[in-house]
2 protein chains.
Amino acid sequence: MSLQRRRLASCEDLTVPALRRLQGLAPLTDSDREAIRRVGSYRDSLPAGAELQQEGSCGGARIMASGFACRQRVLPDGRRQIFDFLIAGDLIGVAADQPLARTAIAALTPVDTLPAALLRECAADAQRFPGLCAAVARCAHEEQTRLLDHVVRLGRQTGYERTAHLLLELGDRLAAAGLGDRRRFPMPLTQEALADALGLSVVHVNRILQQLRRERLIELRSGEAVLLEREFLMEIADYRPRPSAAA
Amino acid sequence: MSLQRRRLASCEDLTVPALRRLQGLAPLTDSDREAIRRVGSYRDSLPAGAELQQEGSCGGARIMASGFACRQRVLPDGRRQIFDFLIAGDLIGVAADQPLARTAIAALTPVDTLPAALLRECAADAQRFPGLCAAVARCAHEEQTRLLDHVVRLGRQTGYERTAHLLLELGDRLAAAGLGDRRRFPMPLTQEALADALGLSVVHVNRILQQLRRERLIELRSGEAVLLEREFLMEIADYRPRPSAAA
DNA sequence: CGGGGGTTTGACGAACGTCAATCGGGGTGG
DNA sequence: CCACCCCGATTGACGTTCGTCAAACCCCCG
């Protein structure tokens with residue numbers, strides 16, 4: 001495995017996105033926060049393309065600290081379908097019983113994860129870590145909600161609508177993780193990754209992006225996306241942010 | 001609501017499909033079986049088109065006794081996406097916490113359901129009803145697994161492959177519920193329902209079915225489907241039955 | 001004998017995929 | 001510093017899949 005584990009200097013705290021994310025899902029107590037902070041002493045770095053988890057087997061619990069990954073399935077003839085993207089603050093293998101949690105996971109960019117075996121224990125102890133438990137449940141919740149949206153996108157929207165919808169969703173999620181805001185956020189995904197998520201070909205995704213640019217609805221360059229006309233995009237895509245609760 | 005509740009004559013036992021189905025999911029004890037049988041004293045009959053549940057709100061717990069229903073979402077412009085079909089023996093609103101369980105449910109044919117509030121309580125009491133609990137969990141499990149398969153179908157398979165895949169899945173499920181076998185089973189779904197599940201237009205579904213018929217891979221008439229070349233269809237659709245466990 | 005919902009068919013156009021070539025930028029070795 | 005290279009982005013040409021419109025058909029049922 002091309003995995004690199006490093007002890008962290010205390011200055012670079014990779015638990016920040018996770019804290020921010022989980023706090024957005026449920027109110028956290030001090031002990032909740034402390035439990036999350038404790039997992040931040042090591043990180044595992046993986047290169048783009050690495051497989052974080054195989055389908056079926058559920059690896060150890062982890063927190064995404066940086067980079068982009070995806071849940072995916074690869075067909076025998078090489079076709080790939082991406083179920084969902086994973087970004088900083090997302091939990092892996094904490095609510096490990098459901099099928100969605102057992103999909104294969106692959107790194108789309110270089111990825112840092114924090115091994116979080118502790119979290120799994122804490123998440124089973126609702127007495128001492130009420131906020132953490134709620135947040136973990138809500139995270140699985142949101143994943144499933146996104147999967148439902150994904151089905152509608154793939155089944156009943158055009159490529160143009162799908163693309164707009166996905167960009168809006170990514171913007172909201174990244175903003176919730178503290179990476180940029182809903183209008184402007186990091187977008188290091190290749191058009192191939194987008195295509196495999198949207199059920200389109202790379203060439204067609206490229207043309208759709210060109211069109212969105214020509215129409216001055218988005219900008220997309222050097223790893224950053226700008227949604228110039230966010231409101232209009234929301235209409236096009238029939239995008240309605242799902243309530244994420246908490247405060 | 002166009003709901004009709006009737007007391008049942010003891011001769012027509014509508015719990016049979018549920019018993020058969022749940023037994024296939026987990027070994028049942030006598031008390032498990034008894035709990036299931038007890039819900040069978042009333043049935044609610046709904047006509048095709050009726051809404052069993054609205055999106056978001058999770059109605060009372062029920063067991064599908066007969067007929068076909070579906071989980072669905074309708075877009076503001078009228079487009080509809082079907083997430084999953086519900087058949088005899090399927091549980092509704094028992095594992096009510098996950099988003100998938102809170103989708104809208106509509107009857108596609110006349111449907112009988114058994115009000116099963118009792119079941120929800122039993123399913124929370126793992127001491128007295130171990131098999132029931134396991135079966136309920138596994139039912140939710142299978143639903144999510146089917147949703148993942150559905151995403152792959154919609155995103156990465158052609159209409160032809162999708163259709164074959166869905167027919168195979170329906171055959172396996174109906175056989176597990178004791179309705180026909182995997183080669184020959186009831187198929188009262190309209191082509192419009194198939195289209196809304198497969199993300200295709202009615203016309204295109206019709207042409208795909210015509211082709212499958214011309215190629216002598218299936219027969220489909222008067223509410224019954226026959227998979228003439230099941231093995232070959234499985235290859236076409238890259239269909240692999242998911243392990244359903246138990247015995 | 002109508003009527004209505006579902007199915008089937010044809011004609012046409014739009015959405016999307018494939019193939020292939022080119023372009024462009026960042027990294028790397030000389 | 002520069003040439004090279006590689007991966008991803010872009011573009012054009014062309015073919016297929018799939019959607020839409022509209023009409024006909026069929027069957028079941030009242």
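Please refer to the structure higher up on the page.
Residues numbered from 1 in each chain as written. Chains lettered and ligands numbered in written order. Predicted model: local features only at pLDDT ≥ 70, side-chain atom pairs only at ≥ 80, totals over all residues. Heavy atoms only, no water.

Below, the discussion takes up the sheet that holds strand S10 (residues 184–186) of chain A. Residues and elements named next belong to chain A. Judged by pairing direction, the sheet is antiparallel, and its three strands sit side by side in the order S10-S12-S11 without closing on themselves. Edge positions in the open sheet fall to S10 and strand S11 (218–221), since each of these has one partner strand only. Neighbour-to-neighbour, the strand axes of the sheet open up by a mean angle of 15°, direction not taken into account. In terms of strand pairing, S10 meets strand S12 (residues 224–227) through three bridges, oriented antiparallel. From the neighbouring strand, Arg184 faces S12, where its bridge partner is Val226. (Pairing = 2+ DSSP bridges. Helix = DSSP H or I, 4+ residues; strand = E, 2+ residues; numbered from the N terminus. Axes fitted to C-alpha atoms, helices over the stretch in contact; angles between N-to-C directions.)

Its 27 residues place the ends of helix H4 (residues 130–156) of chain A 39 Å apart at the C-alpha level, agreeing with the 39 Å of an ideal helix rising 1.5 Å per residue. Of all 27 residues in H4 of chain A, 22 are buried, a share of seventy percent or more. (Expected span 1.5 Å × (residues − 1). Buried < 20%, exposed > 50% of the residue type's maximum accessible area, 1.4 Å probe, protein only.)

In the region of DNA strand D, 15 residues are neighbours, and Gln191, Asn206 and Arg207 of chain A together with Gly159 and Ser201 of chain B sit closest. Of all DNA strand D atoms lying within 4 Å of any protein atom, the proportion belonging to sugar or phosphate reaches 64%. Between Gln191 of chain A and DNA strand D, the recorded distance is 2.6 Å, taken from a side-chain N or O atom to a phosphate oxygen. Between DNA strand D and the protein, one listed contact pairs a base nitrogen with a side-chain N or O atom of Arg207 of chain A at 2.5 Å. Taken together, the elements giving at least two residues each to the surface near DNA strand D come down to helix H7 (202–214) of chain A together with helix H7 (202–214) of chain B. A per-element tally of the surface near DNA strand D places H7 of chain A first, with five residues. When its residues are assigned to classes, the surface near DNA strand D shows three nonpolar, nine polar and three charged. (Near = heavy atom within 4 Å. Polar contact = N/O pair within 3.5 Å; in protein donor to acceptor, adjacent residues only side chain to side chain. Nonpolar A, V, L, I, M, F, W, Y, C, P; charged D, E, K, R; others polar.)

All right, on to the relation of the copies chain B and chain A then. The operation relating chain B to chain A is a screw motion whose rotation component is 180°, with 0.0 Å of axial translation and a residual RMSD of 0.0 Å. The transformation relating the two chain copies, once decomposed into turn and shift, fits a two-fold axis. A high fraction, 100%, of the interface residues of chain B reappear at the interface in chain A, so the copies pair face to face through one surface. (Least-squares fit on C-alpha atoms with pLDDT ≥ 70 in both. Contact = heavy atoms within 4.5 Å.)

It is worth spelling out the sheet that holds strand S10 (residues 184–186) of chain B at this point. Residues and elements named next belong to chain B. The three strands are arranged S10-S12-S11 in an open sheet whose pairing can be described as antiparallel. Two strands lie at the open edges of the sheet, namely S10 and strand S11 (218–221), each paired on one side alone. Adjacent strand axes in the sheet meet at a mean angle of 15° when their direction is disregarded.

Turning our attention to the interface of chain B and chain A. Taken together, the contact pairs 34 residues of chain B with 34 residues of chain A. Note on chain B versus chain A: buried area summed over both sides is about 3,000 Å², and carbon and sulfur give 58% of it. The largest per-residue losses of area from chain B upon contact with chain A belong to Gln144, Leu148 and Arg156 of chain B, which jointly make up 26% of the total buried on that side. The tally of links from chain B across to chain A stands at six salt bridges. Its salt-bridge partner being Arg156 of chain B, residue Asp196 of chain A comes within 2.7 Å of it at the nearest N-O pair. (Buried area = accessible area lost by both parts, 1.4 Å probe. Salt bridge = Lys/Arg side-chain N within 4 Å of Asp/Glu carboxyl O.)

Glancing now at the protein's contact with DNA strand C. The local shell around DNA strand C holds 16 residues, among which Gly159 and Ser201 of chain A together with Gln191, Asn206 and Arg207 of chain B are the closest. For DNA strand C, the backbone portion of the atoms within 4 Å of the protein, that is sugar and phosphate, comes to 64%. Within the backbone of Gly159 of chain A, a nitrogen or oxygen atom sits 2.9 Å from a phosphate oxygen of DNA strand C. Note that a phosphate oxygen of DNA strand C is positioned 3.1 Å from one of the side-chain N or O atoms of Arg213 of chain B. It is H7 of chain B that provides the largest number of residues to the surface near DNA strand C, a total of five residues. The residue inventory of the surface near DNA strand C, partitioned by class, reads three nonpolar, nine polar and four charged.

The next thing to look at is the pattern of salt bridges. Pairing between side chains becomes possible if they bear opposite charge and their charged atoms approach one another. With the rule as written, the count across this model stands at 47 salt bridges over all chains. Its salt-bridge partner being Arg230 of chain A, residue Asp172 of chain A comes within 3.0 Å of it at the nearest N-O pair. Pair noted here: Asp172 of chain A is in helix H5 (residues 159–176) and Arg230 of chain A is in helix H8 (residues 230–237), with a separation of 58 residues, a long-range link. Each member of the pair Asp172 of chain A and Arg230 of chain A is classed as buried. For the salt bridge of Arg128 of chain B with Asp125 of chain B, the shortest nitrogen-to-oxygen distance reads 3.9 Å. Three or more residues joined by partner-sharing salt bridges are found here, namely Arg21, Asp84, Asp90, Glu142, Arg146 and Arg173 of chain A.

Attention shifts here to the side chain of Asp44 of chain A. All names here are of chain A. Note that Asp44 resides in strand S2 (residues 42–46). Residue classification places Asp44 among the buried residues on the basis of a relative accessible area of 0%. There is a polar contact of 2.9 Å between the side chain of Asp44 and the side chain of Arg62.

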